[in-house]
Structures are given as C-alpha cells and as structure tokens.
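Here's the letter readout for the chains.
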Amino acid sequence: EVRVARAEMEQHCKVAWVVHTQLSCRRAAMVERRLATMLAEQGAVVTEQTAVVAEQGRTIVAQAEATQEQSAVVLKQNEQIAALISRCTTLTSTSVATNHKVLEQERVIVG
C-alpha cells in the first residue's frame, strides 16, 4: 500500500508539474504575444515618424535649392546693377567733361 500510495503521489506530482509547466508556458507565450504586439505597434509608429522626418528632409532640401536659385538670381541682378552704375558713372563723367567744354566755349564766345 505504501508503494502504491508513493507511486500515486509521484504520479500526482508529475501531473502537477506538467500542468504547472504547461500553464507557465502558456503564460509565457501570452506575454510573448503581447510583447510582440507592442513591439509591432511601436515599430509602426517609428516607421510613420521616419516617413514624416524624411518628408521634412525633402522639404528642407527643396527649400535650400530654391534659396540657392534665388541667390543666383540676386547675384546676377547685383552684377547688372553694378554694370548700370558703372555706365551711369561713365555717362556722368562724360556729361561733366562736355559741360566744361561748353562753358569754356561760351567764355571764349562771350569773352
């Protein structure tokens, strides 16, 4: 009887251990699934944020390119203005010289 009782107890212990192990495995699997779901959700958020940052980067590059083009236009306009100023200076100098000659001729005529 003792042997039978001991064998039954050992059998019950084995069954209890198997049940405990199965429950532990199930809990672990459930936790693992929850963690996998959370990681997938976080991954989706990170992917979305990465797309937003990439779009912002493209916008910044486009703005930089537009600014560079505008700077080139302004530089060209500045060169044209400088050329006009130079031409005006030359014309003014010529006009002043002509006026001096006219004044000299008037003095000669009047004098």
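Overview of the structure.

Calculation rules
Residues numbered from 1 in each chain as written. Predicted model: local features only at pLDDT ≥ 70, side-chain atom pairs only at ≥ 80, totals over all residues. Heavy atoms only, no water. Patch = residues over 30% accessible without salt bridge, like charges linked within 9 Å, V, L, I, M, F, W, Y side chains within 5 Å. Areas by Shrake-Rupley, 256 points an atom, 1.4 Å probe, with all protein chains shown as cover. Salt bridge = Lys/Arg side-chain N within 4 Å of Asp/Glu carboxyl O. Helix = DSSP H or I, 4+ residues; strand = E, 2+ residues; numbered from the N terminus. Buried < 20%, exposed > 50% of the residue type's maximum accessible area, 1.4 Å probe, protein only.

1. A closer look at a nonpolar patch on the surface
Then, number 1: Side chains of V15, V19 and L23 sit close together on the surface and give an oily, nonpolar patch of about 220 Å² of accessible area.
Then, number 2: With respect to the element layout, L23 can be found in helix α1 (residues 2-110).

2. What about the pattern of salt bridges?
Then, number 1: This model, assessed by the stated rule, comprises 1 salt bridge.
Then, number 2: Measuring nitrogen to oxygen at the nearest pair gives 2.9 Å for the salt bridge that ties R58 to E55. With R58 and E55 both in helix α1 and 3 residues apart, this pair spans about one turn of that helix.
Then, number 3: Its relative accessible area of 41% is what places E55 among the partly exposed residues.

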